[in-house]
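Residue-level listing of the chains:
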Amino acid sequence: MTEDPLEIIKNADPELSELIGKGRAAAFNDSGIPLKYKFLIAMALDAAEGAADGVRVLAMQALSQGATKEEVMEAVRIAHYICGVGSVYTAARGLKDVL
(Lines give C-alpha, C1' and ligand atoms only; values in the text may rest on other atoms or scores of the structure.)
Protein backbone atom coordinates (compact mmCIF):
# COMPACT_ATOMS: atom_id res chain seq x y z
CA MET A 1 0.00 0.00 0.00
CA THR A 2 1.13 3.58 -0.57
CA GLU A 3 1.63 6.18 2.11
CA ASP A 4 -0.98 6.60 4.82
CA PRO A 5 -3.42 9.30 3.65
CA LEU A 6 -4.03 10.26 7.29
CA GLU A 7 -0.34 10.84 8.10
CA ILE A 8 -0.97 14.58 8.29
CA ILE A 9 -3.69 13.96 10.90
CA LYS A 10 -1.35 11.74 12.94
CA ASN A 11 1.19 14.54 13.05
CA ALA A 12 -1.22 17.41 13.59
CA ASP A 13 -3.66 15.77 16.03
CA PRO A 14 -2.48 12.48 17.57
CA GLU A 15 -5.61 12.29 19.75
CA LEU A 16 -7.91 12.40 16.71
CA SER A 17 -5.68 9.86 14.96
CA GLU A 18 -6.01 7.51 17.92
CA LEU A 19 -9.79 7.93 17.92
CA ILE A 20 -9.95 7.11 14.21
CA GLY A 21 -7.75 4.05 14.78
CA LYS A 22 -10.04 2.78 17.54
CA GLY A 23 -13.06 3.18 15.26
CA ARG A 24 -11.32 1.25 12.49
CA ALA A 25 -10.32 -1.50 14.91
CA ALA A 26 -13.91 -1.80 16.12
CA ALA A 27 -15.30 -1.93 12.57
CA PHE A 28 -12.74 -4.33 11.10
CA ASN A 29 -12.36 -6.89 13.86
CA ASP A 30 -12.48 -10.65 13.31
CA SER A 31 -15.83 -11.21 15.04
CA GLY A 32 -19.29 -11.33 13.50
CA ILE A 33 -19.31 -10.68 9.77
CA PRO A 34 -16.26 -12.22 8.04
CA LEU A 35 -13.56 -9.64 7.32
CA LYS A 36 -13.76 -9.97 3.53
CA TYR A 37 -17.41 -8.96 3.63
CA LYS A 38 -16.68 -6.01 5.91
CA PHE A 39 -14.14 -4.79 3.35
CA LEU A 40 -16.65 -5.30 0.52
CA ILE A 41 -19.30 -3.32 2.41
CA ALA A 42 -16.83 -0.50 3.04
CA MET A 43 -15.72 -0.60 -0.61
CA ALA A 44 -19.33 -0.22 -1.79
CA LEU A 45 -19.81 2.71 0.59
CA ASP A 46 -16.66 4.40 -0.71
CA ALA A 47 -17.90 3.88 -4.27
CA ALA A 48 -21.17 5.55 -3.32
CA GLU A 49 -19.29 8.44 -1.70
CA GLY A 50 -17.01 9.01 -4.69
CA ALA A 51 -13.82 7.82 -2.97
CA ALA A 52 -11.96 5.95 -5.72
CA ASP A 53 -8.77 5.61 -3.66
CA GLY A 54 -10.80 4.00 -0.88
CA VAL A 55 -12.41 1.62 -3.37
CA ARG A 56 -8.95 0.53 -4.53
CA VAL A 57 -7.52 -0.05 -1.06
CA LEU A 58 -10.62 -1.77 0.29
CA ALA A 59 -10.96 -4.01 -2.76
CA MET A 60 -7.34 -5.09 -2.34
CA GLN A 61 -7.98 -5.78 1.34
CA ALA A 62 -11.11 -7.80 0.51
CA LEU A 63 -9.20 -9.82 -2.09
CA SER A 64 -6.41 -10.46 0.41
CA GLN A 65 -9.04 -11.86 2.78
CA GLY A 66 -10.31 -14.30 0.14
CA ALA A 67 -12.94 -12.30 -1.73
CA THR A 68 -13.25 -13.11 -5.40
CA LYS A 69 -13.43 -10.76 -8.39
CA GLU A 70 -17.07 -11.79 -8.70
CA GLU A 71 -17.78 -10.79 -5.08
CA VAL A 72 -16.13 -7.41 -5.62
CA MET A 73 -18.34 -6.84 -8.65
CA GLU A 74 -21.46 -7.96 -6.72
CA ALA A 75 -20.68 -5.24 -4.18
CA VAL A 76 -20.41 -2.74 -7.06
CA ARG A 77 -23.78 -3.94 -8.38
CA ILE A 78 -25.35 -3.33 -4.97
CA ALA A 79 -23.83 0.16 -4.78
CA HIS A 80 -25.24 0.83 -8.25
CA TYR A 81 -28.71 -0.36 -7.31
CA ILE A 82 -28.84 1.69 -4.09
CA CYS A 83 -26.82 4.78 -5.05
CA GLY A 84 -26.78 4.98 -8.83
CA VAL A 85 -24.39 4.89 -11.74
CA GLY A 86 -21.99 7.43 -10.22
CA SER A 87 -20.85 4.74 -7.80
CA VAL A 88 -20.00 2.50 -10.77
CA TYR A 89 -17.81 5.20 -12.32
CA THR A 90 -16.04 5.67 -8.99
CA ALA A 91 -15.61 1.91 -8.63
CA ALA A 92 -14.22 1.68 -12.16
CA ARG A 93 -11.57 4.30 -11.36
CA GLY A 94 -10.69 2.57 -8.09
CA LEU A 95 -10.59 -0.94 -9.54
CA LYS A 96 -8.61 -0.04 -12.67
CA ASP A 97 -5.36 -1.75 -11.60
CA VAL A 98 -6.91 -4.15 -9.09
CA LEU A 99 -9.11 -6.50 -11.13
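Preceding this paragraph is the structure being described.
Residues numbered from 1 in each chain as written. Predicted model: local features only at pLDDT ≥ 70, side-chain atom pairs only at ≥ 80, totals over all residues. Heavy atoms only, no water.

Caption draft 1: Seen up close, the side chain of lysine 38. Here lysine 38 is to be found in helix 3 (residues 35-49). For the buried residue lysine 38, which engages in no salt bridge, the nearest side chain bearing the opposite charge is aspartate 30, 6.8 Å off. Here serine 31 takes part through its backbone oxygen, which lies 3.0 Å from a polar atom of the side chain of lysine 38. (Helix = DSSP H or I, 4+ residues; strand = E, 2+ residues; numbered from the N terminus. Buried < 20%, exposed > 50% of the residue type's maximum accessible area, 1.4 Å probe, protein only. Lys, Arg positive; Asp, Glu negative; His and termini not counted. Salt bridge = Lys/Arg side-chain N within 4 Å of Asp/Glu carboxyl O. Polar contact = N/O pair within 3.5 Å; in protein donor to acceptor, adjacent residues only side chain to side chain.)

Caption draft 2: Structural detail: the pattern of salt bridges. The final tally for this structure, using the stated rule, is three salt bridges. Between aspartate 4 and lysine 10 there is a salt bridge whose closest N-O contact spans 2.7 Å. Among the residues examined, aspartate 4 registers a relative accessible area of 26% and is labelled partly exposed. With relative accessibility at 36%, the residue lysine 10 sits in the partly exposed group. With a shortest N-O distance of 3.4 Å, glutamate 18 and lysine 22 are connected by a salt bridge. Taken together, the positions of glutamate 18 and lysine 22, both in helix 2 (residues 14-27) and four residues apart, correspond to about one turn of that helix.

Caption draft 3: Just the nonpolar core, in detail. In terms of nonpolar packing, the biggest core is built from 20 residues, with Met43 and Leu95 touching the most fellow members. Of all the secondary structure elements, the ones that give two or more residues to this core are helix 3, helix 4 (52-64), helix 5 (69-83) and helix 6 (85-95). With seven residues, helix 3 is the largest single contributor of residues to this core. Excluding its chain neighbours within four sequence positions, the residues that come into contact with methionine 43 are Val55, Leu58, Ala59, Val72, Ala75, Val76 and Leu95. (Core = buried A, V, L, I, M, F, W, Y, C linked by side-chain atoms within 4.5 Å. Contact = heavy atoms within 4.5 Å.)

Caption draft 4: The arrangement of helix 3 in detail. With 15 residues, helix 3 should cover 21 Å at 1.5 Å per step; its first-to-last C-alpha distance of 21 Å lies within 8% of that length. Among all positions of helix 3, only Leu35, Lys36, Lys38, Phe39, Leu40, Ala42, Met43, Ala44 and Ala47 are buried. Where helix 3 is buried, its residues meet helix 2, helix 4, helix 5 and helix 6. Where helix 3 ends, the next residue or the one after it, glycine 50, has phi of about 85°, a positive value. (Expected span 1.5 Å × (residues − 1).)

Limitation: the analysis is restricted to geometry and does not speak to function.
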